[in-house]
Amino acid sequence: MNNEQVATFVITGMTCANCSARVEKELNAQPGVAQATVNLATEKATVQFNETTAEALIKSVENIGYGAILDDEAHRQQVAEKKRGQIKKMQRDLIFSVVLVAPLMIAMIAMLLGVNASWVHFFHRPFVQLILVTPIQFGVGLRFYKGAYHALKTKAPNMDVLVSLGTTAAFLLSFYNGFLGGNPHELYFESSGMIIALILLGKYLEITAKNKTSSAIKQLMQLQAKTARVLNEDGSQNEVAVEAVKKGMKVIIFPGEQIPVDGLVISGQTTVDESMLTGESMPVEKNVDSTVFGGTVNKNGQFIIQTLKVGDETVLARIIRMVEDAQGQKAPIQQIADRISAVFVPSVLAIAMVTLIVTGLVSGNWQEALIHSVAVLVIACPCALGLATPTAIMVGTGLGAKNGILIKGGAVLEQAAQLNAIVLDKTGTITKGKPTVTNLQLVDEALLPVLVSLEAASEHPLASAILAYAKEKKVVPDGIEQFEALPGLGIKGNANGKTYYVGNPKLMFGKVDNENYLIKLAQWTNEGQTVMLLADEKAILGIVAVADEIKATSKVAIETLQKQGISVYMLTGDNHAAANYIGKQVGIPVENIFSEVLPAEKSAKVAELQQQGKLVGMVGDGINDAPALALADVGIAMGSGTDIAMETADVTLIHSDLNYLEQMLQLSKATIKKIKQNLFWAFIYNTVGIPFAALGFLNPIIAGGAMAFSSVSVLLNSLSLNRLKLEKRE
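Residues numbered from 1 in each chain as written. Predicted model: local features only at pLDDT ≥ 70, side-chain atom pairs only at ≥ 80, totals over all residues. Heavy atoms only, no water.

How we decide: UniProt positions are given in the numbering used here, feature names are shortened, and annotations may be inferred rather than shown by experiment.
The name that an unreviewed UniProt entry assigns to the chain is P-type Cu(+) transporter, with the source organism given as Enterococcus canintestini. Taken directly from UniProt, the Catalytic activity (unreviewed entry) text for the chain runs: "Cu(+)(in) + ATP + H2O = Cu(+)(out) + ADP + phosphate + H(+)". Recorded in UniProt for the chain, the comment headed Sequence similarities (unreviewed entry) runs: "Belongs to the cation transport ATPase (P-type) (TC 3.A.3) family. Type IB subfamily."

1. Focus: helix 21 (residues 602–611)
Definition in use: When accessible area is computed with a 1.4 Å probe and restricted to protein chains, residues below 20% of their type maximum are described as buried, those above 50% as exposed, and intermediate ones as partly exposed. In DSSP terms, a helix is any run of H or I states spanning at least four residues, a strand is any run of E spanning at least two, and both are numbered starting from the N terminus. Of all possible arcs, the one meant is that of the directions from the helix axis to the C-beta atoms.
Among the residues of helix 21, those classed as buried are Lys-602, Ser-603, Val-606 and Leu-609. On an axial view of helix 21, the arc spanned by its buried residues comes to 120 degrees, and they lie on one face. Positioned one or two residues after helix 21, Gly-613 has a phi angle of 90 degrees, which is positive.

2. Comments concerning unusual backbone geometry
With a phi angle near 65 degrees, Glu-51 is a residue other than glycine that sits in the positive phi range. With respect to the element layout, Glu-51 can be found in the loop between strand 3 (44–49) and helix 2 (54–63). Even without being a glycine, Asp-289 presents a positive backbone phi close to 80 degrees. Assignment of secondary structure puts Asp-289 in the loop between strand 10 (284–286) and strand 11 (291–292).

3. Re the sheet that holds strand 11
Put simply, the rule reads: Two strands are said to pair when DSSP picks up at least two bridges between them.
An order of 6-5-7-13-8-11 is seen for the six strands of this open sheet, with the pairing classed as antiparallel. In this open sheet, the two strands that pair with only one neighbour each are strand 6 (237–241) and strand 11. Pairing geometry for strand 7 (residues 250–253) and strand 13 (residues 303–309), over four bridges, is antiparallel. Looking at strand 13, one finds that Ile-252 is bridged to Ile-304.

4. Some words on the sheet that holds strand 12 (residues 297–298)
Taken together, three strands build an open sheet; the order of strands is 10-9-12 and the sheet is antiparallel. Either end of the sheet is taken by a strand with one partner, and the two such strands are strand 10 and strand 12. Here strand 9 (residues 270–273) runs beside strand 12; their pairing, made up of two bridges, is antiparallel. Note that in strand 12 the partner of Asp-273 across the bridge is Val-297.

5. Quick word on the UniProt feature "transmembrane region" (unreviewed entry) in the chain
Sites flagged by UniProt as "transmembrane region" (unreviewed entry) map to residues 94–115, 127–145, 157–176, 188–205, 340–363, 369–388, 678–695 and 701–721. Taken end to end, residues 127–145 comprises 95% helix and 0% strand; its first and last C-alpha atoms sit 24 Å apart.

6. Structural notes on the nonpolar core
Under the convention used in this document: Each nonpolar core is a collection of buried residues, namely Ala, Val, Leu, Ile, Met, Phe, Trp, Tyr and Cys, held together in the definition by side-chain atoms within 4.5 Å. Note on contacts: a residue pair qualifies if any of its non-hydrogen atoms lie within 4.5 Å across the two residues.
Of all hydrophobic cores here, the largest spans 41 residues; its most connected members are Leu-424, Val-651 and Leu-661. It is helix 24 (residues 659–694) that provides the largest number of residues to this core, a total of eight residues. Discounting chain neighbours no more than four positions away, the residues touching Leu-424 are Thr-429, Ile-430, Ile-558, Val-568, Tyr-569, Met-570, Leu-571, Val-619, Leu-658 and Leu-661. By size, the runner-up hydrophobic cluster in this structure holds 25 residues, among which are Leu-104, Met-105, Phe-144 and Ile-199.

7. Observations regarding the side chain of Asp-93
Structurally, Asp-93 can be placed in helix 3 (residues 76–112). Judged by relative accessible area, which is 13%, Asp-93 ranks as buried. Those residues within four positions of Asp-93 in sequence are excluded, and the remaining contacts are Val-140, Arg-143 and Leu-200.

8. Some points on a nonpolar patch on the surface
Our working definition: Residues qualify for a patch when their relative accessible area is over 30% and they have no salt bridge, like charges being joined within 9 Å and the nonpolar side chains of Val, Leu, Ile, Met, Phe, Trp and Tyr within 5 Å. Using the Shrake-Rupley algorithm and a 1.4 Å probe, accessible areas are obtained, with residue cover drawn only from the displayed protein chains. Here a salt bridge means any side-chain nitrogen of Lys or Arg lying within 4 Å of a carboxyl oxygen belonging to Asp or Glu.
Taken together, the side chains of Met-353, Val-354, Ile-357, Val-358, Leu-361, Val-362 and Trp-366 make up a nonpolar region of the molecular surface, amounting to roughly 720 Å² of accessible area. Looking at the nonpolar patch element by element, the count peaks at six residues for helix 11 (residues 336–363). Along the chain, the position of Ile-357 falls in helix 11.

9. Comments concerning the side chain of Asn-494
Stated precisely, the cut-off is as follows: Contacts described as polar in this section are N or O atom pairs within 3.5 Å, which, within protein, must combine one atom able to donate a hydrogen with one able to accept it, while residues neighboring in sequence count only if both atoms come from side chains.
With respect to the element layout, Asn-494 can be found in strand 18 (residues 490–495). Assessed through its relative accessible area of 15%, Asn-494 is described here as buried. Only 2.7 Å separates the side chain of Asn-494 from the side chain of Thr-499, close enough to count as a polar contact. Residues contacting Asn-494, with those up to four places away along its chain left out, are Ile-480, Glu-481, Gln-482 and Thr-499.

10. Describing the packing of aromatic side chains
So the rule is basically this: Paired rings are identified among Phe, Tyr and Trp, the last through its six-membered ring, by centres lying within 6.5 Å, and are further divided according to the angle between planes into stacked (under 30 degrees), edge-to-face (over 60) and tilted (the rest).
Under the counting rule described, the total for this entry stands at eight aromatic pairs. Seen from their ring centres, Phe-175 and Phe-179 are 5.2 Å apart, and the 40 degrees between their planes marks the pair as tilted. Within this pair, Phe-175 and its partner Phe-179 are both found in helix 7 (residues 159–179), separated by four residues, close to a single helical turn. According to the relative accessible area criterion, Phe-179 is partly exposed, its value standing at 34%. On the numbers, 5.8 Å between centres and 5 degrees between planes, the contact of Tyr-569 with Phe-594 is stacked.

11. Focus on the packing of helix 16 (residues 448–456) against helix 17 (residues 463–472)
The test is simple: Angles here are taken between N-to-C directions and fall from 0 to 180 degrees, while the axes themselves are lines fitted to C-alpha atoms, restricted in helices to the stretch in contact. The scheme is simple: roughly parallel for angles under 35 degrees, roughly antiparallel for over 145, roughly perpendicular for 65 to 115, oblique for anything else. When the near helix sits turned anticlockwise from the far one by under a right angle, the crossing is termed left-handed; a clockwise turn instead gives a right-handed crossing. In this count, Pro and Cys sit with the nonpolar residues alongside Ala, Val, Leu, Ile, Met, Phe, Trp and Tyr, while Asp, Glu, Lys and Arg are called charged and the others, Gly among them, polar.
Two elements in contact, helix 16 and helix 17, have axes separated by 9 Å at closest approach and are oriented at 135 degrees. By the angle between their directions, the pair helix 16 and helix 17 is classed as oblique. Two packed elements cross with a definite hand, and for helix 16 against helix 17 that hand is left-handed. Contacts between helix 16 and helix 17 involve Leu-448, Leu-451, Val-452, Glu-455 and Ala-456 from the former and Ala-463, Ile-466, Leu-467, Tyr-469 and Ala-470 from the latter. Taken together, the residues of the contact of helix 16 with helix 17 break down into nine nonpolar, no polar and one charged.

12. Details of the pattern of salt bridges
Considering all chains together, one arrives at eight salt bridges under this definition. With a closest N to O distance of 3.0 Å, Lys-89 and Asp-93 form a salt bridge. Of the two residues, Lys-89 and Asp-93 are both situated in helix 3; the distance of four residues between them amounts to about one turn of the helix. On the accessibility criterion, Lys-89 (41% relative accessible area) is partly exposed.

13. What to know about the pairing of strand 18
Counting buried residues in strand 18 gives five out of six residues, a clear majority hidden from the surface. Pairing geometry for strand 17 (residues 481–486) and strand 18, over four bridges, is antiparallel. From the neighbouring strand, Leu-486 faces strand 18, where its bridge partner is Gly-490. From the end of strand 17 to the start of strand 18, which pair antiparallel, there are three residues, and Gly-488 there has a positive phi angle of about 80 degrees. Where strand 18 and strand 19 (residues 498–503) come together, six bridges link them in antiparallel fashion. By the bridge assignment for strand 19, Asn-494 is matched with Thr-499.

What follows is the structure, encoded as structure tokens:
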């Protein structure tokens, strides 16, 4: 196929895995399509095609009841507006349903409590109930009828079929009893209206969570600079759109600016904040021949780069693609209720039909036969089955939010309950993510003001750690004369008539002859600390180490996870010695430590563990963690991390404390247990009640009462989850 094209479409109207499978099957069936894949998580279809057009592919999707919009710059605004419109319509429908059905539910409860008021009788009149519920049943509920139609068309019944079947049965039976000669006191209008309102609430929560997940890609794209300042051959500068920058061009970057493309420093020196890309808190020194990356921020120096990579080749662009790919690999979890309904719905239809025919032939009373078959449908109405999962999830996620654990839906809870491996990013997860002074030795305490004064004049990123230490010790910096920054080495300046130096061992001109300092230098460096020396013209006067400290709660949290049989791993870009030292401090075995891992390799480590059959939870806080968070079975972001990490992750720990991991696991296991209990009770009512209804031992009103009781029991069981006390180790 010489002229093969690849196009991406945004698919609208998908609600479950069956929907994405249906769209994918239809696209692959089109003439000229080589391959089509549909990603439910991102709501996108990628199609390789020849001898057809994008317009024809869009038409094929529309023919089966969905929408398709070409995913390019020209249509992105249209896609955003359509999604906003869908959410607003759902909000309106939900409010509309609740307003109409609330009076009926209140009147029903009042009657059960023995209230004998005129307003209670008013809302029990068939005509009043019909007026209130009809717009819900056939207006708001139209979406469920459409979904059921497409599900039945492909012989894959789902919850839409259950909702449509149950509410229609309750509505039609109520209409018959109220207006066609039945018992006007046996009405189920409020049941059909309430079911639709509650199911709609669950779908609304689902679509808002999905939109938040997809916004992670948008935020990553926003990190890309829009313009670049190109340096021309004659020395003049020309600001152009970043898309116009080509390989080999020279680009100048001023302090505080975002670096637009990947490049090689050819002039100047500076420090660059790469935390948004690497997750590492310490800015990185950049000199001639250093590589810089698009999306990172220049801290203090002016420099010139020669462009190495542009557009889709940059590190940031690759991370964006990796997040999209990783999200696509996360197979949607088939809801337990959907699995049951696949067998349950056809069985109920068959039983109802057999009941109608057999009862009619045996008794000769076809009206009685119809009532019996309707009783079967009413007792099988999926009120409890439809409420079983969403009510437990709503209570579980609400309880999590109260405890600082934000969870994106039931699929996450189900996966979290089964995790047997946790991968922890080091910086900002196990450690604080902020450099602090960890060790300081001076030959004379009077030299501390000198050290502080020199660092106060410095723009080096580690100076802030020493100044924070000085503030804690209440040391005020003095003036420094003849201050000079020594790129790649350190700083020097005059204080009290003497010249002092602060920097790395290269700066000390062979002055490091004190055995104590040599031992400390080797020890602290191996522990992953950044070591600086203070000296005058003659000798070393002190040694100071700066590092990212381990959080006080990390060790206890890791030990707790290991006691539960969960394997804990650590990912870091540190060298092996430093990584092993940190791992030893928190109790992670050496074989579970992945050191010298590049940002782009993190997701590969997660995939490696998954290939070993492990269900993996990934915990991180940086943009570089985003692909791994998306690929993991459960991605967990620390609340102190970047917005990208939190949007990509399935769970966010607001307090940035690993101890909350245990709470999340407790909550997920408790919630899944409640869901299974709910499904058991919902299903047992039906399996026990259906035979009684089919044999005529349950009239529709008793069947309706059993149906209502099953719903109440499910709701009460879900609400009991609020009593769960989440334990937290200190």
